[in-house]
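Single-letter residue listing:
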Amino acid sequence: MTDQPFDFKRGLGTTLLIACGALGREIVQLIEMNNWRHLDVACLPAKLHHQPALIPEAVRAKIRDNRARFEKIYVLYGDCGTGGLLDDVLAEEGVERIPGPHCFSFFEGNAAFAANADEEIHTFYLTDYFCRHFETFVWKAIGLDRRADMVDFVFGNYRHLVYLAQTEDAGLEAKAREIAERLGLTYEHRFRGYGDLASFMAAPP
């Protein structure tokens, strides 16, 4: 899945999921695995996470562009650094989103993530998407390809890397281990599948 916005609309769905592009692959997999023919998807670019202040209005625009076409709309974004502004927009638009502060939380399971938040405060998380696109989305995006000497400055407060895997993929796990070594972090692999994302997507009629 690239970082370009995409639509997964087959002209059959009555419910639209507006989602972050970092979730696009998993959302489509869940739809196809479960034959959820009532669900269509419209994704915004994952790179909006580098400017979270832009997320709320981008989501609002997508809601308004599609409201007349669909009976229901749901949003598959956590707060994602918007400081509550996304929730303000969704309250104004009358649209519900998946609970949780970010995708790491709902892939781990929101309850479990919240319960472990204090002891994992120094943990850096990867999902399949962020593992797959680490070079572009993290390393190059914050300039470490030009200033590798800044790794300690950027990641100095982290002690541990947890790969919250959606799939059992030996290649991605090897890459996650390499990323942990590059960042000087201890490594842990947790296969979590789709977490709360699956249960939320199963709920809309």
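Use the structure listed above.
Source: prediction; values computed, not measured. (Residues numbered from 1 in each chain as written. Predicted model: local features only at pLDDT ≥ 70, side-chain atom pairs only at ≥ 80, totals over all residues. Heavy atoms only, no water.)

Colleague: How should the sheet that holds strand E8 (residues 186–191) be read in this particular structure?
Modeller: Adjacent strands of a sheet pair through backbone hydrogen bonds, lying either parallel or antiparallel. Across the sheet, which stays open at both edges, the three strands sit in the order E6-E7-E8 with parallel pairing between neighbours. In the strand order of this sheet, the two ends are held by strand E6 (123–126) and E8, each with one partner. Between one strand axis and the next, the sheet turns by 20° as a mean value, whatever way the strands run. Examined bridge by bridge, strand E7 (residues 160–165) and E8 share six bridges and lie parallel to one another. Counterpart to Ala165 in the pairing with E8 is Phe191. Together, E6, E7 and E8 form the strand contacts of helix H9 (residues 170–183), whose direction differs from that of E7 by roughly 165°. (Pairing = 2+ DSSP bridges. Helix = DSSP H or I, 4+ residues; strand = E, 2+ residues; numbered from the N terminus. Axes fitted to C-alpha atoms, helices over the stretch in contact; angles between N-to-C directions. Contact = heavy atoms within 4.5 Å.)

Colleague: Looking at this structure, how should I read the packing of helix H2 (residues 55–66) against helix H3 (residues 85–93)?
Modeller: Geometrically, a packed helix pair is captured by the angle between its two axes and the distance between the axes. H3 packs onto H2 with a crossing angle of 25° between their chain directions and a minimal axis gap of 9 Å. When the axes of H2 and H3 are compared, the pair comes out roughly parallel. In the crossing of H2 with H3, the sense of the turn from one axis to the other is right-handed. Counted together, Pro56, Glu57, Val59, Arg60, Ile63 and Arg64 of H2 and Leu85, Leu86, Val89, Leu90, Glu92 and Glu93 of H3 form the full contact between these two elements. Taken together, the residues of the contact of H2 with H3 sort by class into seven nonpolar, no polar and five charged. (Parallel < 35°, antiparallel > 145°, perpendicular 65-115°, else oblique. Left-handed = near helix turned anticlockwise from the far one by under 90°. Nonpolar A, V, L, I, M, F, W, Y, C, P; charged D, E, K, R; others polar.)

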